[in-house]
Amino acid sequence: MAVNAKKIAVYVLVVFALYVIITDPSKAADYVQIGFEGISDAAKAIGDFMTWLADGAH
């Protein structure tokens, strides 16, 4: 039953994404940019943490 719920959730997300892209492409581009900025910030934070660990965690 959980697999079916997961499939339904994925389908709903895909339909929503297509709806946003079709109805308002500029807003969809903004969402993508926000997502990439979030991923970039997370990667930078992980890099900073690893550098801190490599420096002896002071």
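What you see is a predicted model; the values in this text were computed from it and never measured.

Another aspect to go through is the overall build of the protein chain. For the protein chain, the count of helices and strands is two helices and zero strands. By the compact-globule yardstick of 10 Å for 58 residues, the protein chain is too spread out, its C-alpha radius of gyration being 18 Å. Expressed along its principal axes, the backbone C-alpha trace of the protein chain runs to roughly 50 × 35 × 10 Å. A burial count over the protein chain gives 3% of its 58 residues as buried. Looking at the protein chain as shown, the accessible area adds up to about 5,200 Å², and 74% of this sits on carbon and sulfur atoms. Here the protein chain carries 4 positive and 6 negative side-chain charges, and the mean point of each set is 16 Å from the other.

Glancing now at a nonpolar patch on the surface. Taken together, the side chains of Val-10, Val-14, Leu-18, Ile-21 and Ile-22 define a hydrophobic patch exposed on the protein surface, amounting to about 470 Å² of accessible area. Among the secondary structure elements, Val-10 is positioned in helix α1 (residues 2-23).

Inspection of the secondary structure puts Thr-51 in helix α2 (residues 25-54). Residue Thr-51 is classed as partly exposed on the basis of its relative accessible area, which comes to 44%. One polar contact links the side chain of Thr-51 to the main-chain carbonyl oxygen of Gly-47, over a distance of 2.9 Å.

A few words now on the pattern of salt bridges. This model, assessed by the stated rule, comprises one salt bridge. Between Asp-48 and Lys-44 there is a salt bridge, with the nearest N and O atoms lying 3.0 Å from each other. Separated by four residues within a single helix, Asp-48 and Lys-44 lie in helix α2, roughly one turn from each other. We classify Asp-48 as partly exposed; its relative accessible area is 43%. With a relative accessible area of 55%, Lys-44 lands in the exposed category.

Rules of the game
- Chains are numbered independently. Their residues run from 1 in the order of the written sequence.
- Per-residue local features of the predicted model are confined to residues with pLDDT of at least 70, and side-chain atom pairs are confined, for both listing and counting, to 80 or more; whole-chain, interface and lining totals are unaffected and use all residues.
- By convention in this description, side-chain values take in all heavy atoms of the structure and omit both hydrogens and water.
- Secondary structure elements follow DSSP: runs of H or I no shorter than four residues count as helices, runs of E no shorter than two count as strands, and numbering proceeds from the N terminus.
- Atoms considered for the radius of gyration are the C-alpha atoms alone. The globule rule reads 2.2 Å times the number of residues to the power 0.38.
- To sort residues, take the accessible area from a 1.4 Å probe on protein chains only and compare it with the maximum for the residue type: under 20% means buried, over 50% means exposed, and anything in between is partly exposed.
- Residue-level accessible areas treat just the shown protein chains as cover; the underlying method is Shrake-Rupley with a 1.4 Å probe.
- Working convention for charge: Lys and Arg count positive, Asp and Glu count negative, and His plus the chain ends are omitted.
- Taken as the charge centre is NZ of Lys, CZ of Arg, CG of Asp or CD of Glu, depending on the residue.
- For patches, a residue must show more than 30% relative accessible area and have no salt bridge; joins then use 9 Å for like charges and 5 Å for nonpolar side chains, namely Val, Leu, Ile, Met, Phe, Trp and Tyr.
- For this document, the term salt bridge refers to a Lys or Arg side-chain nitrogen within 4 Å of an Asp or Glu carboxyl oxygen.
- In protein, a polar contact means a hydrogen-donor-capable atom and an acceptor-capable atom, both N or O and within 3.5 Å, with residues adjacent in sequence counting only if both atoms are side-chain atoms; elsewhere, any N or O pair within 3.5 Å suffices.

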